[in-house]
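# Architecture and fold: a report
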Amino acid sequence: MKINKSIWFLCICFSFFSCVKKKGLIAPTETECSNFSSLGNLVNWPGIDTVYNTPSFNPNNPNEIIYVRGIISTNKPYLVKRNLITNSETIIIADVWGKPDWSIKDWIVFNHADNQVWKIKSNGDSLTLLTPTLEGGHNAIWSPDGNKIAFIKEVGSTKYSIIADGLGNHLDTLTYFEFYLNDWSANGLFICAPHNATVKYQNVQTNQVFDAADISVDQQSTNLAYINGLSWTPDSQYLIWSNKHGIYKTNIISKETIKIKTGSDSKRYTSI
């Protein structure tokens, strides 16, 4: 994936020990499989030691979020749970890579850089490998009922959207998406993903792909304003997305797009 250097990302490089993986493996936190020892480096932003990335709300409690917190001086990224009322924080697990997603059944799905999909309870229990027989995957998201996951699998130069149950058993393959999955709509019908400088979404039942956003907005296709963040509204009718010019709201029925926040040369909006 080509990353626009003007975007503020938490970039993590990992190297991991090998281990035996079996479907449904519950990995004790003391094993090499669950420690995922990091030999890489966090990006060192001048004057900043702690960076925060990829937040996700608790679907059962809007006062809680999870996110990836990176400590540059110790070269450690953590999956952290935060209460927005008390400001208390709990570290769930270390050495997490990518965007975590929190299900209505209190499972958090995420990646390590072993290119596998894992899940864990929000209290840090029951770390479970989901993709050993599928030979890896990344960027997993939960269905709104918490019974399925979707994630990207790469075969050569082609990317597929894999649908699996909560144990990692393969259910379906959707042959699209050149970029990363972002969110599963609350009505259960659509998953959305950015495709370079355009916003797209896919019907998980028919595999049909739709262009959501008017690409003339801020001439994003001309200016190579890659989509940084993308998410559904709870009514499954709008997509909220961002690029270097700001934050937008698109009605998938009327295709109308409005800007709700303007960006600037010194500020970028990434994870939505």
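That block above? That's the structure.
Described in the following lines is the structure provided in the data block. Remember, it's a predicted structure, so these values are computed and weren't measured experimentally.

If you tally the helices and strands in the protein chain, you get one helix and 20 strands. Here the contacts in the protein chain between residues at least 6 apart in sequence split such that 41% fall between residues at least 24 apart. Of the accessible surface of the protein chain, which amounts to about 13,000 Å², a share of 52% is contributed by carbon and sulfur atoms.

Okay, the packing of aromatic side chains next. This structure, assessed with the given rule, holds five aromatic pairs. With a centroid separation of 5.7 Å and 25° between ring planes, the pair formed by Phe 190 and Trp 232 is classed as stacked. Of this pair, Phe 190 sits in strand 14 (residues 190–195) while Trp 232 sits in strand 17 (residues 229–232), and the two are 42 residues apart along the sequence. The pair formed by Phe 190 and Trp 232 is uniform in burial state, with each residue classed as buried. Ring geometry for Tyr 201 and Phe 210: centres 4.9 Å apart, planes at 20°, overall stacked. For Tyr 201, a relative accessible area of 4% puts it in the buried group. Members of the aromatic cluster, joined through ring pairs, are Phe 190, Tyr 201, Phe 210 and Trp 232. The lysine or arginine in question, Lys 119, covers the ring of Trp 107, its NZ or CZ lying 4.0 Å from the ring centre. Note that Lys 249 overlies the ring of Tyr 238, its terminal NZ or CZ placed 4.3 Å from the centroid.

Quick look at the pairing of strand 19 (residues 246–251) now. Within strand 19, five of the six residues are buried, which leaves the element mostly enclosed by the surrounding structure. As judged from the six bridges shared by strand 18 (residues 238–243) and strand 19, these two strands associate in the antiparallel manner. Bridging across to strand 19, Leu 239 finds its partner in Thr 250. The antiparallel hairpin formed by strand 18 and strand 19 contains two residues in its connecting segment. In this sheet, strand 20 (residues 257–262) lies alongside strand 19 in antiparallel orientation, the contact comprising five bridges. Looking at the pairing, Lys 249 lines up with Ile 258 of strand 20. What sits between strand 19 and strand 20 in their antiparallel hairpin is a turn of five residues, with Lys 255 showing a positive phi close to 70°.

As summarised here, the arrangement of the four strands in space is 9-10-11-12, forming an open sheet in which the pairing is antiparallel. Only two strands of the sheet have a single neighbouring strand rather than two, namely strand 9 (138–142) and strand 12 (170–174). Going across the sheet, the axis of each strand differs from the next one's by a mean of 25°, ignoring polarity. Relative to strand 12, strand 11 (residues 158–165) is paired through four bridges, and the arrangement is antiparallel. Note on strand 12: the bridge partner recorded for Ile 163 is Asp 172.

Our focus in this paragraph is the nonpolar core. Grouped together as the largest cluster of nonpolar side chains are 13 residues, with contacts concentrated most on Leu 79, Ile 93, Ile 108, Phe 110 and Ile 120. Put simply, the parts of the chain that give this core at least two residues each are strand 2 (61–71), strand 4 (89–94), strand 6 (107–112) and strand 7 (116–121). If we ignore the near neighbours within four places in the chain, the residues touching Ile 108 are Ile 66, Leu 79, Ile 92, Pro 100, Asp 101, Trp 102, Trp 118, Lys 119, Ile 120, Ser 122 and Trp 142. Cys 192, Ala 212, Leu 230 and Tyr 248 belong to the second largest nonpolar core, which has twelve residues in total.

For the rest of this paragraph, the subject is the sheet that holds strand 15 (residues 198–203). Reading across from one edge, 13-14-15-16 is the order of the four strands in this open sheet, with antiparallel pairing throughout. At either end of the open sheet lies a strand with only one pairing partner, and these are strand 13 (183–184) and strand 16 (209–211). Bridge analysis of strand 15 against strand 16 gives three bridges, and the strand direction is antiparallel. The residue of strand 16 that forms the bridge with Lys 200 is Asp 211.

Definitions and limits used
- All residue numbers refer to position in the chain's written sequence, counted from 1.
- Confidence filtering applies because this is a predicted model: local features only for residues at pLDDT of at least 70, side-chain atom pairs given and counted only at 80 or more, and all residues used for totals across whole chains, interfaces and linings.
- Working from all heavy atoms in the structure, the side-chain values ignore hydrogens and water.
- Each helix corresponds to a stretch of at least 4 residues labelled H or I by DSSP, and each strand to a stretch of at least 2 residues labelled E; elements are numbered beginning at the N terminus.
- In this analysis, two residues are considered to be in contact whenever any of their non-hydrogen atoms come within 4.5 Å of each other.
- Shrake-Rupley sampling with a 1.4 Å probe provides the accessible areas, and residues are treated as covered by the protein chains on show and by no other component.
- Working definition: a ring pair exists when centres of Phe, Tyr or Trp rings (six-membered ring for Trp) sit within 6.5 Å. Plane angles under 30 degrees give stacked, over 60 give edge-to-face, the rest tilted.
- Relative accessibility under 20% of the residue-type maximum defines a buried residue, over 50% an exposed one, and the middle range a partly exposed one, all with a 1.4 Å probe and only protein chains included.
- Whether a charge lies above a ring is judged from NZ of Lys or CZ of Arg, which has to be within 6 Å of the ring centre and within 35 degrees of the ring normal.
- Strand pairing is assigned whenever DSSP identifies at least 2 bridges connecting the two strands.
- Only C-alpha atoms enter the line fits that serve as axes; for helices the fit covers just the stretch in contact. Angles between N-to-C directions range over 0 to 180 degrees.
- Here, nonpolar core refers to any group of buried Ala, Val, Leu, Ile, Met, Phe, Trp, Tyr and Cys residues whose side-chain atoms link them within 4.5 Å.

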